[in-house]
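The chain contents come next:
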Amino acid sequence: MTILFALVPMFAWGSIALVSGKLGGDANQQTLGMTMGAFVFALVTFLIVRPAFELEILLVGFLSGVFWSVGQNKQFHGMKSLGVSVGLPLSTGFQLILNTIAGAVFFHEWTKSRDFILGFIALVLLVFGAYLTARQDTEEGVKTDHMVLDFGKGLRALLLSAIGYGAYTIIITWAGLDPLAIIFPQSVGMLLGASLFAFKQTSFDKYVWRNMLSGLLWGLGNVCMLLTVQSVGLAIGFSLSQMGIIISTLGGIFLLGEYKTKKEMVYVVIGCLLIITGGLVLGYMKA
């Protein structure tokens with residue numbers, strides 16, 4: 001059952017970049033619309049579950065939501081500069097490194113030599129797979145819908161994104177609180193953070209409303225990811241949730257029309273296979 005919960009974020013989060021890309025809007029509109037959808041999802045969940053609230057839950061949930069808004073906004077900016085099929089694999093690689101190390105070192109989720117050996121192998125497979133899916137053919141370069149492909153700008157945005165995303169998951173894991181109680185105050189922090197990014201920067205139009213759909217997807221994936229992390233730990237739970245990179249990468253190519261050379265397609269296929277293998281190793285660790 002835990003593995004099934006872990007697979008939900010893979011499909012839900014793996015589809016977000018594709019859904020947002022199809023729905024349109026700039027990075028701030030996408031972030032604001034997504035947080036509005038996540039808020040609706042969290043509100044409905046709260047009304048159904050009726051979890052108990054404490055001051056710690058309100059503070060931790062709110063702070064994690066603010067950190068998430070930084071991570072998501074900068075990820076959207078990074079994908080605008082690099083394209084989904086390049087930006088998202090890099091973003092995933094950065095997040096995997098940060099969260100896996102935090103889970104293994106700070107939360108002592110790996111205690112035996114076997115854990116460290118298999119965990120290191122899985123991490124290498126996941127990160128190298130993410131690198132290959134984003135690798136460019138230097139002879140031809142990557143063609144996207146953007147007039148200018150700014151790798152430096154995109155990379156800086158993704159590094160900030162990884163810090164925001166890392167803080168969002170680490171603070172919740174550190175607190176060890178009920179995931180179903182956290183998601184509502186978390187969604188309030190997300191909405192406030194996204195509103196600050198969008199303030200005087202973007203118009204509140206149809207693109208914001210459209211992107212609420214991606215927020216509903218994120219909310220579903222978030223609940224399942226938090227429940228998984230609570231069961232198997234941050235290092236394994238978060239890593240499994242990020243396997244949706246396969247959906248995002250292939251979708252960016254075939255659904256969003258992001259051009260790849262023949263050599264780059266070989267990199268993508270090998271990278272996806274490595275990511276799947278890394279996920280299987282993590283599943284074996286749990287077993």
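It should be emphasised that the depicted structure is a prediction, and the values quoted were computed from it without experimental measurement.

Rules used in this analysis
Residues numbered from 1 in each chain as written. Predicted model: local features only at pLDDT ≥ 70, side-chain atom pairs only at ≥ 80, totals over all residues. Heavy atoms only, no water. Patch = residues over 30% accessible without salt bridge, like charges linked within 9 Å, V, L, I, M, F, W, Y side chains within 5 Å. Areas by Shrake-Rupley, 256 points an atom, 1.4 Å probe, with all protein chains shown as cover. Salt bridge = Lys/Arg side-chain N within 4 Å of Asp/Glu carboxyl O. Helix = DSSP H or I, 4+ residues; strand = E, 2+ residues; numbered from the N terminus. Buried < 20%, exposed > 50% of the residue type's maximum accessible area, 1.4 Å probe, protein only. Core = buried A, V, L, I, M, F, W, Y, C linked by side-chain atoms within 4.5 Å. Contact = heavy atoms within 4.5 Å. Axes fitted to C-alpha atoms, helices over the stretch in contact; angles between N-to-C directions. Parallel < 35°, antiparallel > 145°, perpendicular 65-115°, else oblique. Left-handed = near helix turned anticlockwise from the far one by under 90°. Nonpolar A, V, L, I, M, F, W, Y, C, P; charged D, E, K, R; others polar. Phe/Tyr/Trp six-rings, centres within 6.5 Å; stacked < 30°, edge-to-face > 60°.

A. A nonpolar patch on the surface, seen in detail. Together, Val 40, Val 44, Ile 48, Val 49, Leu 213 and Leu 216 make up a nonpolar patch on the protein surface, roughly 500 Å² of accessible area in all. Elements supplying a minimum of two residues to the nonpolar patch: α2 (27–49) and α9 (212–232). The element contributing the most residues to the nonpolar patch is α2, with four residues. Tracing the backbone shows Val 49 in helix α2.

B. Structural context of the environment of Phe 5. Structurally, Phe 5 can be placed in helix α1 (residues 2–23). Take Phe 5: its relative accessible area is 33%, and that puts it in the partly exposed class. C-alpha separation for the pair Phe 5 and Ser 241, spaced 236 residues apart in sequence, amounts to 9.2 Å.

C. Region of interest: the nonpolar core. Trp 13, Trp 68, Tyr 168, Trp 218 and Met 225 are the most contacted members of the largest nonpolar core, which has 37 residues in total. Among the secondary structure elements, those contributing two or more residues to this core are α1, α2, α3 (55–82), α4 (84–106), α6 (151–175), α7 (179–198), α9 and α10 (234–241). The contacts of Tyr 168, once residues within four sequence positions are left out, are Trp 13, Ser 64, Phe 67, Trp 68, Gln 186, Trp 218, Asn 222 and Met 225. Formed by 27 residues, the second largest nonpolar core is a distinct cluster that contains Trp 110, Leu 132, Tyr 267 and Leu 282.

D. Examining the packing of α2 against α3 more closely. Where α2 contacts α3, the axes come no closer than 9 Å and their chain directions differ by 140°. Relative to α3, the element α2 is oriented oblique. You can see that α2 and α3 cross each other, and the crossing is right-handed. Where α2 approaches α3, its residues Ala 27, Asn 28, Gln 30, Thr 31, Met 34 and Thr 35 are matched on the opposing element by Trp 68, Ser 69, Gln 72, Asn 73, Phe 76, His 77 and Lys 80. The class makeup of the residues in the contact of α2 with α3 is four nonpolar, eight polar and one charged.

E. The arrangement of the packing of aromatic side chains in detail. Taken as a whole, this structure holds nine aromatic pairs when the rule is applied. When the ring of Trp 68 is compared with that of Trp 218, the centres are 4.9 Å apart and the planes differ by 55°; the resulting orientation is tilted. Here the residue Trp 68 occupies a position in helix α3, and Trp 218 occupies one in helix α9, the gap between them amounting to 150 residues. With a relative accessible area of 0%, Trp 68 lands in the buried category. What makes Trp 218 buried here is its relative accessible area of 5%. Taken together through their ring pairs, the aromatic side chains of Trp 13, Trp 68, Tyr 165, Tyr 168 and Trp 218 make up a single cluster.

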